[in-house]
Amino acid sequence: MNSNESERRPCVAGQFYDADPARLAAVIDRMAEECGTVPPTTSGGKTVRALILPHAGYVYSGPTAVKTAAEVKGKSYRRVIVIAPSHRIGFRGLALSGYTAYTTPLGAVPVDTAATAELEMRDH
């Protein structure tokens, strides 16, 4: 991380998804309409504790991701944990971000830096 940057900028905006916020939102809305999402939820009224979403390009996995995310639409969560693979380097344990936020075309997503610091202490 560049010590002058606290937010991670999107690396592939404009490649795997649209970099323009309005166009990206329109693509997501269209996928939701095509999937029929405004769920009659499949969670049976139970609290959803975890979702597994694919992260391939939207043309491949977008509808599945949108339909899955609809399960928590309108709900409130204190923390969301993103677990993702490394595409470039192998590692053991946790690879934690030093950023305070991840920026996306749709806005910035803050990182819980206190939780990240606690995880980092436990990983050593």
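Residues numbered from 1 in each chain as written. Predicted model: local features only at pLDDT ≥ 70, side-chain atom pairs only at ≥ 80, totals over all residues. Heavy atoms only, no water.

(A) Looking closely at the sheet that holds strand β1 (residues 7-8). Taken together, 3 strands build an open sheet; the order of strands is β1-β2-β3 and the sheet is mixed. Each having just a single partner strand, β1 and β3 (107-110) make up the two edges of the open sheet. (Pairing = 2+ DSSP bridges. Helix = DSSP H or I, 4+ residues; strand = E, 2+ residues; numbered from the N terminus.)

(B) A look at the pairing of β3. One ladder, built from 4 bridges, connects strand β2 (residues 101-104) with β3; its direction is antiparallel. For Y102, the partnering residue across the bridge sits in β3 and is V109. Between β2 and β3, which pair antiparallel in sequence order, lie 2 residues.

(C) Here's a closer look at a nonpolar patch on the surface. Residues Y77, V80 and V82 make up a contiguous nonpolar surface patch of roughly 330 Å² in combined accessible area. Tracing the sequence through the fold places V82 in the loop between α2 (58-69) and β2. Residue V82 is classed as exposed on the basis of its relative accessible area of 71%. (Patch = residues over 30% accessible without salt bridge, like charges linked within 9 Å, V, L, I, M, F, W, Y side chains within 5 Å. Areas by Shrake-Rupley, 256 points an atom, 1.4 Å probe, with all protein chains shown as cover. Salt bridge = Lys/Arg side-chain N within 4 Å of Asp/Glu carboxyl O. Buried < 20%, exposed > 50% of the residue type's maximum accessible area, 1.4 Å probe, protein only.)

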